[in-house]
Amino acid sequence: MTLRFTWWGSDARHQRTQQVMDLFHSKHPNITIKGEFKDWNGYWDSLATTVAANDAPDVIQMDELYLSSYADRGALLDLKTQGTHLGLDGIDQLALATGAVDGKQYALPVGLASYSVVVNTDLLKKYGVPMPDDSKWTWDDLWAVGQRISKASGGKVTGVQSWGMDVGGLNIWARQQGGSLYDDAGNVVVEPKAVEDLFAKMSQLSKDGVTPTPAVTVERASGSLDQSGTATNTSAFGFWWNTQLTALTKASGDNLALLKLPGESAAKSPGAYYKPSMFWSISSRSKYPAEAALFLDFLANSEEAGAILLTDRGVPANPKVRSAITPKLDATDKAAAAYLDAITVADPPRVTPNGASGVEDLLRRHGEDVLFGRQTPAQAAKAFVDDLQKDIDSAG
């Protein structure tokens, strides 16, 4: 029998994945895995077409932005129905929750990430600024140390990279205040005042020179990681997912380190949460759900598979696999893995609702309006919340 397995990614990912498929086949000669490899943009068009034609691959690499839409249309299998073949006990419950929709486990997190602050320690030394204590620092502490960097460099380096234009930051901001972006039903429940405060602070930081000018912020928002303030050594602090440390360090050439989020020690609830790098899902129409589940079990829980995949799809969600591969990792990947073990996380945000996959584009559009003075923070916050809810309602 043959299982179809689809994923997106680079050529290096393709090669690693093929090695794992071959290894699985050597252990289960009766199961052949046929790979279907695409780039990000072509992947989702192809998946939508095959699902609509009732010809979806058996095993699907899934993204958080699209999980709810495929789950809602009945395209994915509840993985809890395959307990005989797929072990879920080895995955942290807060990590598993990232792949659950309405109480059903439609996806298994492949790798985990968490929001972090990346600091350029070489720039701190260059401008005589001590490393902040991330065990208890506040947002005001970050802005203050950022201001010192900006002033000491004469504006050549901004203390903090552009902030407030990505949904990870919005989630943290809302969660630390005891709120959330969506409720369990998938409605937008973030307080407009919280979004207004974020936009207002974003604008003020830019005016004060702590973060880049509006023009630079907008340019970098549409650019690649290599064009960021962190990668070009033109910002001392930046907000990133911890798993991006290796790519940032390679691009920067400087010494970078991970710091915990500001405000966590005094927050109403922890802002930090596990973000899945991506998921494994099984088509609800698969003719071979048991065999597909067996393959997922190998991908997620096998140390042999982990030794091949390493951190290509993120830091493994299974702690035992994560520990087993750590000696094989380079210094920055080890730091990313250690970061997950060092932080305190709360329940993950509700999976992005169907229709809300464009949330980050909305946030950037209204954020840009504030930066350029086209809207007040209050106007932009209300428009963002209204537009996001309209998108969700339209999809329903």
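Just above, that's the structure.
Residues numbered from 1 in each chain as written. Predicted model: local features only at pLDDT ≥ 70, side-chain atom pairs only at ≥ 80, totals over all residues. Heavy atoms only, no water.

Undergrad: What am I meant to see in the pattern of salt bridges here?
TA: Two side chains that carry opposite charge are able to pair once their charged atoms sit near each other. Taken as a whole, this structure holds 10 salt bridges when the rule is applied. Measuring nitrogen to oxygen at the nearest pair gives 3.7 Å for the salt bridge that ties Glu360 to Arg364. One end of the pair, Glu360, and the other, Arg364, are both in helix α15 (residues 359–371), 4 residues apart, so they sit about a helical turn from each other. Judged by relative accessible area, Arg364 falls into the partly exposed class, the value being 26%. A salt bridge links Asp386 to Lys382; the shortest N-O distance between them is 2.7 Å. On the criterion of helical spacing, the pair formed by Asp386 and Lys382 is a turn pair, its members being 4 residues apart in helix α16 (residues 377–395). Ionic contacts of the salt-bridge type, sharing partners, join the residues Arg4, Glu36 and Asp55 into one network. (Salt bridge = Lys/Arg side-chain N within 4 Å of Asp/Glu carboxyl O. Helix = DSSP H or I, 4+ residues; strand = E, 2+ residues; numbered from the N terminus. Buried < 20%, exposed > 50% of the residue type's maximum accessible area, 1.4 Å probe, protein only.)

Undergrad: I'm lost on the environment of Ser269 in this one. Help?
TA: Counting through the fold element by element, Ser269 comes out in the loop between β10 (256–259) and β11 (275–282). Remark: the alpha-carbon pair of Ser269 and Gly373, spanning 104 residues in sequence, is separated by 33 Å. Leave out the neighbours within four places in its chain, and Ser269 touches Arg175, Gln176 and Gly178. In terms of polar contacts, Ser269 uses its side chain to reach the backbone carbonyl oxygen of Arg175, at 2.8 Å. (Contact = heavy atoms within 4.5 Å. Polar contact = N/O pair within 3.5 Å; in protein donor to acceptor, adjacent residues only side chain to side chain.)

Undergrad: In this structure, what is going on with the sheet that holds strand β8 (residues 158–160)? I would like to understand it.
TA: The strands making up a sheet associate through backbone hydrogen bonding, with each pair oriented either parallel or antiparallel. Within the open sheet, the 4 strands sit side by side as β8-β9-β7-β10. Their pairing is mixed. The open sheet terminates on both sides in strands that have one partner only, identified here as β8 and β10. Between one strand axis and the next, the sheet turns by 30° as a mean value, whatever way the strands run. Direction of pairing for β8 relative to strand β9 (residues 235–241): parallel, over a ladder of 2 bridges. Across the sheet, Thr158 pairs through a bridge with Ser235, a residue of β9. Its contacts with the sheet place helix α14 (residues 331–342) against β7 (115–120) and β10, and it is angled at close to 10° to β10. (Pairing = 2+ DSSP bridges. Axes fitted to C-alpha atoms, helices over the stretch in contact; angles between N-to-C directions.)

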